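Structural description and commentary
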Amino acid sequence: MGVEGCTKCIKYLLFFFNFIFWLAGGVILGVALWLRHDNKISSLLELELDGNRAPTSFYICVHILIAVGAVMMVVGFLGCYGAIQESQCLLGTFFVCLVILFACEVAAGIWGYMNRETVSKEMKNFYDSVYDQALKENFADPSKRTAVGEVLKVFHETLQCCGKGILTSGFSVLASKVGFQEVCAPKWFGIDCPSKIDELFSDKIYLVGIAALVVAVIMIFEMIFSMVLCCGIRNSPVY
């Protein structure tokens, strides 16, 4: 084709980075789908009590990631094809798409950082309300297997924890032994659920943050290379 020398090197570098970008889009899409169908998270977020569902902020973020991953794969393919064909039109379109994606990623990153504790906080509040209601209904009728008790048991079995702290953990285990509805196993005594909720969602959020940072760095290089290649194509004597 028309470009030579350093510009030709930029062309293949852009193709390489676009291929990495396309792979990164596939990884983000895969991670998002994994988070969407993770057994632990699904068990917790599908809980419902008296018409009130568990907070779904986490799923909203995951659905956004699925869309971002799919768009990245399309844009990555566009960049690869534009670089190989040395098309100014495709490279210009690719650059505009990158700028929009980068702006959206920065905005999402700022919002995510400011609300990084929201998901776990909402889930802990939901757990606290379920736990308090379960105790109240257990004392009202110890022989009855209540719906709220079953919801609480799902929490404990999923996270392998028991109670809001060491005292409530011990109380829950003792209560099940004296005839109240069993909501957690003795082997989870001393493992409080709020810390397990923090651990579950914090690990996922950091994973998403690392992936977003890597993609942002790749996008910066791609924007630079696409503009350099575009200028090289325009100044090439063949064109």
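Model, not experiment: these values are computed from the prediction. (Residues numbered from 1 in each chain as written. Predicted model: local features only at pLDDT ≥ 70, side-chain atom pairs only at ≥ 80, totals over all residues. Heavy atoms only, no water.)

1. Some words on the packing of aromatic side chains
A complete count under the given rule lists 7 aromatic pairs for this structure. Relative to W22, the ring of F19 has its centre 6.1 Å away and its plane inclined at 20°; by these criteria the two rings are stacked. A residue pair is termed a helical-turn pair when its members lie 3 or 4 positions apart in one helix, as F19 and W22 do in helix α1 (residues 5-36) at 3 residues. (Phe/Tyr/Trp six-rings, centres within 6.5 Å; stacked < 30°, edge-to-face > 60°. Helix = DSSP H or I, 4+ residues; strand = E, 2+ residues; numbered from the N terminus.)

2. Some remarks on a nonpolar patch on the surface
On the surface, Y12, F15, F19, W22, L23, F77, Y81 and I84 cluster together into a nonpolar patch covering about 760 Å² of accessible area. Ranked by residues supplied to the nonpolar patch, first place goes to α1 with 5 residues. The class for Y81 is partly exposed, based on a relative accessible area of 45%. (Patch = residues over 30% accessible without salt bridge, like charges linked within 9 Å, V, L, I, M, F, W, Y side chains within 5 Å. Areas by Shrake-Rupley, 256 points an atom, 1.4 Å probe, with all protein chains shown as cover. Salt bridge = Lys/Arg side-chain N within 4 Å of Asp/Glu carboxyl O. Buried < 20%, exposed > 50% of the residue type's maximum accessible area, 1.4 Å probe, protein only.)

3. Some thoughts on the state of the cysteines
Covalent bonding between the sulfur atoms of two cysteines defines a disulfide. Tallied over the full model, the rule gives 1 disulfide. Distance from the sulfur of C89, which forms no disulfide, to the nearest cysteine sulfur (C230) is 9.3 Å. (Disulfide = S-S within 2.5 Å.)

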